[in-house]
Amino acid sequence: MKRVCLAIVLIFILSCKNKADKDSVPVADARNLPQNITRLVENANQFPDSISLRFKAVDALDSMGSFQLALAQMDSLLIRDSL
């Protein structure tokens, strides 16, 4: 009985490996963004004190799956807040 339980637990553990391929998650970069989102990012960079504009850009970038660019915008907000 112990061997059967051990075998079931072992099979369960081995089958739960969920390695996600890096290619399976689409990543948008700055070159592939729509024009309206590019304009939002440019305006956020042009007016760095506009927090709401930067949040709109972050929301749009996040919705497009461009998480690295969204995080960069959030980091710039944190840097400005720390000054």
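Described in the following lines is the structure provided in the data block. (Residues numbered from 1 in each chain as written. Predicted model: local features only at pLDDT ≥ 70, side-chain atom pairs only at ≥ 80, totals over all residues. Heavy atoms only, no water.)

**Overview of the overall build of the chain**
Turning to step 1, where the next piece is worked out: Helix and strand counts for the chain come out as 4 helices and 0 strands.
Turning to step 2, where the next piece is worked out: In sequence order, the chain lays out its α and β elements as α-α-α-α.
Turning to step 3, where the next piece is worked out: Per-residue burial over the chain gives 19% buried out of 83 residues.
Turning to step 4, where the next piece is worked out: Of the accessible surface of the chain, which amounts to about 7000 Å², a share of 61% is contributed by carbon and sulfur atoms. (Helix = DSSP H or I, 4+ residues; strand = E, 2+ residues; numbered from the N terminus. Buried < 20%, exposed > 50% of the residue type's maximum accessible area, 1.4 Å probe, protein only. Areas by Shrake-Rupley, 256 points an atom, 1.4 Å probe, with all protein chains shown as cover.)

**Describing helix α3 (residues 51–64)**
Turning to step 1, where the next piece is worked out: Along its 14 residues, α3 runs 20 Å from first to last C-alpha, staying within 8% of the 20 Å computed at 1.5 Å per residue.
Turning to step 2, where the next piece is worked out: Those residues of α3 not exposed but buried are L53, R54, A57, V58, A60 and L61. The buried residues of α3 all sit within an arc of 165° when viewed along its axis, so they share a single face. Looking at α3, the residues exposed on the side facing more than 90 degrees away from the buried face are K56 and S63.
Turning to step 3, where the next piece is worked out: Structurally, α3 contributes buried residues whose contacts are with α2 (35–46) and α4 (67–82).
Turning to step 4, where the next piece is worked out: The N-cap of α3, judged by a side-chain oxygen 3.3 Å from the amide nitrogen of L53 a few residues on, is S50.
Turning to step 5, where the next piece is worked out: At the C-terminal side of α3, G65 shows a positive phi close to 90°. (Expected span 1.5 Å × (residues − 1). Arc of directions from axis to C-beta. Contact = heavy atoms within 4.5 Å. Polar contact = N/O pair within 3.5 Å; in protein donor to acceptor, adjacent residues only side chain to side chain.)

**Quick notes on the side chain of R54**
Turning to step 1, where the next piece is worked out: Summarising the element assignment, R54 is placed in helix α3.
Turning to step 2, where the next piece is worked out: No salt bridge forms around the buried R54; measuring N to O, its nearest opposite-charge neighbour D49 is 7.7 Å away.
Turning to step 3, where the next piece is worked out: For R54, the side chain forms a polar contact with the main-chain oxygen of A44, separated by 2.6 Å.
Turning to step 4, where the next piece is worked out: A polar contact is formed between the side chain of R54 and the side chain of Q73, at a distance of 2.5 Å. (Lys, Arg positive; Asp, Glu negative; His and termini not counted. Salt bridge = Lys/Arg side-chain N within 4 Å of Asp/Glu carboxyl O.)

**Description of α4**
Turning to step 1, where the next piece is worked out: Helix length check: α4 (16 residues) gives 22 Å between terminal C-alpha atoms against 22 Å at 1.5 Å per residue, within 8%.
Turning to step 2, where the next piece is worked out: When we look at burial in α4, the residues that qualify are A70, Q73 and L77. For α4, the angular spread of the buried residues around the axis is 60°, confining them to a single face. Seen from the open side of α4, the exposed residues pointing more than 90 degrees away from its buried face are Q68, L78, I79 and S82.
Turning to step 3, where the next piece is worked out: Check the buried side of α4 and you find it contacts α2 and α3.

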